[in-house]
Amino acid sequence: MRLVLLGAPGSGKGTQAQRLQARSGVPQVSTGDLLREAVAAGTELGRAAKAVMDAGQLVDDRTMLGIIRERLARPDARRGFILDGFPRTIVQADGLARLLDEIGQPVDAVVLFEVEPVVLERRLAGRRTCRRCGRVFHVESNPPRAGEPCADGRPHDLFQRPDDDEETVRKRLSVYRERTQPLIDYYSAKGLLRRIDADGSLDDVDARLDAAIGS
Ligand code: AP5
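Presented here is an overview of the structure given in this document. (Residues numbered from 1 in each chain as written. Predicted model: local features only at pLDDT ≥ 70, side-chain atom pairs only at ≥ 80, totals over all residues. Heavy atoms only, no water.)

## Comments concerning the overall build of the protein
Then step 1. Summing up its helical and strand segments, the protein has nine helices and eight strands in all.
Then step 2. Taking 2.2 N^0.38 as the reference for a compact globule, 215 residues should give roughly 17 Å; the C-alpha atoms of the protein span a radius of gyration of 17 Å, in line with that estimate.
Then step 3. Each principal axis of the C-alpha distribution contributes one length, and for the protein these read about 45 × 40 × 35 Å.
Then step 4. Within the span of the protein, comprising 215 residues, buried residues form 47% of the whole.
Then step 5. Within the protein, counting contacts between residues at least 6 apart in sequence, those at least 24 apart form 71% of the total.
Then step 6. With the model as given, the accessible surface of the protein reaches about 11100 Å², and the carbon-plus-sulfur share is 49%.
Then step 7. Treating the 34 positive side-chain charges of the protein as one cloud and the 33 negative ones as another, the clouds have centres 3 Å apart. (Helix = DSSP H or I, 4+ residues; strand = E, 2+ residues; numbered from the N terminus. Rg over C-alpha atoms; globule rule 2.2 N^0.38 Å. Buried < 20%, exposed > 50% of the residue type's maximum accessible area, 1.4 Å probe, protein only. Contact = heavy atoms within 4.5 Å. Areas by Shrake-Rupley, 256 points an atom, 1.4 Å probe, with all protein chains shown as cover. Lys, Arg positive; Asp, Glu negative; His and termini not counted. Charge placed at Lys NZ, Arg CZ, Asp CG, Glu CD.)

## As for the side chain of Arg2
Then step 1. Structurally, the position occupied by Arg2 is in strand β1 (residues 2–7).
Then step 2. Within the structure, the side chain of Arg2 is placed 2.5 Å from the backbone oxygen of Pro106, a separation counted as a polar contact.
Then step 3. Residue contacts for Arg2: discarding those within four places in its chain leaves Gly80, Phe81, Gln105, Pro106, Val107, Asp108 and Ala109. (Polar contact = N/O pair within 3.5 Å; in protein donor to acceptor, adjacent residues only side chain to side chain.)

## So, helix α4 (residues 61–72)
Each α-helix winds once per 3.6 residues, and so residues spaced three or four apart point in a common direction.
Then step 1. Between the first and last C-alpha of α4 there are 16 Å, a value that for twelve residues agrees with the 16 Å anticipated at 1.5 Å per step.
Then step 2. Regarding α4, the residues found buried are Asp61, Met64, Ile67, Ile68, Arg71 and Leu72. All buried residues of α4 lie within an arc of 125° about the axis, which places them on one face of the element.
Then step 3. Where the residues of α4 are buried, they touch β2 (28–30), α2 (31–41), α3 (44–54), β3 (81–84), α5 (90–102) and α7 (166–180). (Expected span 1.5 Å × (residues − 1). Arc of directions from axis to C-beta.)

## Notes on the site of the ligand
Then step 1. Neighbouring residues of the ligand: 36 residues in total, closest Thr15, Gln57, Arg88, Arg127 and Arg172.
Then step 2. Contact between the ligand and Gln57: an oxygen atom at 2.5 Å from a main-chain N or O atom of the residue.
Then step 3. One of the backbone nitrogen or oxygen atoms of Gly85 is found 2.9 Å away from a nitrogen atom of the ligand.
Then step 4. In the complex, 96% of the free accessible area of the ligand, which totals 1000 Å², lies under the protein chains.
Then step 5. Mapped onto the shell around the ligand, the elements with two or more residues apiece are α1 (13–24), α2, α6 (117–126), β6 (136–138) and α9 (202–213).
Then step 6. Among the elements that take part in the shell around the ligand, α2 stands out by supplying four residues, more than any other. (Near = heavy atom within 4 Å.)

## Comments concerning the pattern of salt bridges
Then step 1. A complete count under the given rule lists 23 salt bridges for this structure.
Then step 2. Salt-bridge contacts for Arg131 lead to Asp157; the nearest nitrogen and oxygen are separated by 3.3 Å. On the criterion of sequence distance, the pair formed by Arg131 in the loop between β5 (127–130) and β6 and Asp157 in the loop between β6 and β7 (158–159) is long-range, its members being 26 residues apart.
Then step 3. Between Arg172 and Asp164 there is a salt bridge, and its shortest N-O distance comes to 2.9 Å. (Salt bridge = Lys/Arg side-chain N within 4 Å of Asp/Glu carboxyl O.)

## Describing the pairing of β3
Then step 1. Of the two faces of β3, the one carrying Phe81 and Leu83 and the one carrying Ile82 and Asp84 are both buried.
Then step 2. Looking at chain direction, β1 and β3 are connected through four bridges and run parallel. Residue Arg2 lies in a different strand from β3, and its bridge partner there is Phe81.
Then step 3. Both β2 and β3 contribute to a ladder of three bridges, which runs parallel. Residue pairing in the sheet places Val29 in a bridge with Leu83 of β3. (Pairing = 2+ DSSP bridges.)

From the geometry alone we can't say anything about function, so treat these as descriptive.
Structure (structure tokens):
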């Protein structure tokens, strides 16, 4: 299974990638998570990326293509991959196509998560992530279940992403419209695009995703 999950910030790509990884064993490859790890580790990449992410802008294409090349070379990606948050520009999509051509692993499908803007804003405002296990929750629609601890037995250590404040969310949504939405036509023209209604319960969206990818 080699998938690209496409959609606006808050459309549920990360949540569904984690759930699909759990039921299929195919790894989620989230460029947002890879960048946040670099920020937390204080690497040169992390220091450069932090200012860009906090401003709601995109990290440059060359850097992102380097990150993806390195990530897809790891052994777990031989089983396939669920790309979450990549590609985000036409240049990244062209670079990805060249890379996958080189390694003989073309994308099977690109799934577009469709959600109304008002729902996106509500989701991002209530999103919380566990600092230790990385699971994504929502204070109203998807809180940690009582008695369901983090992997190490302690309660989840939830935090709010710094780029989920109202102003940065507005910026990210506008960057999505300008830079990433053109990928809808790009992948549609290649016959790879599948659209799903990503509003509804997590289980409903799971089922629509499975139907779209034929699993
Ligand atoms: P990234 O981390 O990729 O952020 P994003 O694409 O903006 O997407 P989000 O993580 O905000 O949303 P999501 O669709 O994953 O939604 P989620 O599942 O969390 O990127 C962050 C930054 O890194 C970028 O702004 C950029 O600076 C940089 N970057 C990353 N990749 C890059 C690239 N390729 N090129 C350049 N720069 C890059 O869900 C949101 C909330 O909704 C959660 O609380 C969840 O619990 C809830 N929820 C999900 N589904 C449902 C449902 N069905 N019903 C109710 N609630 C739901």
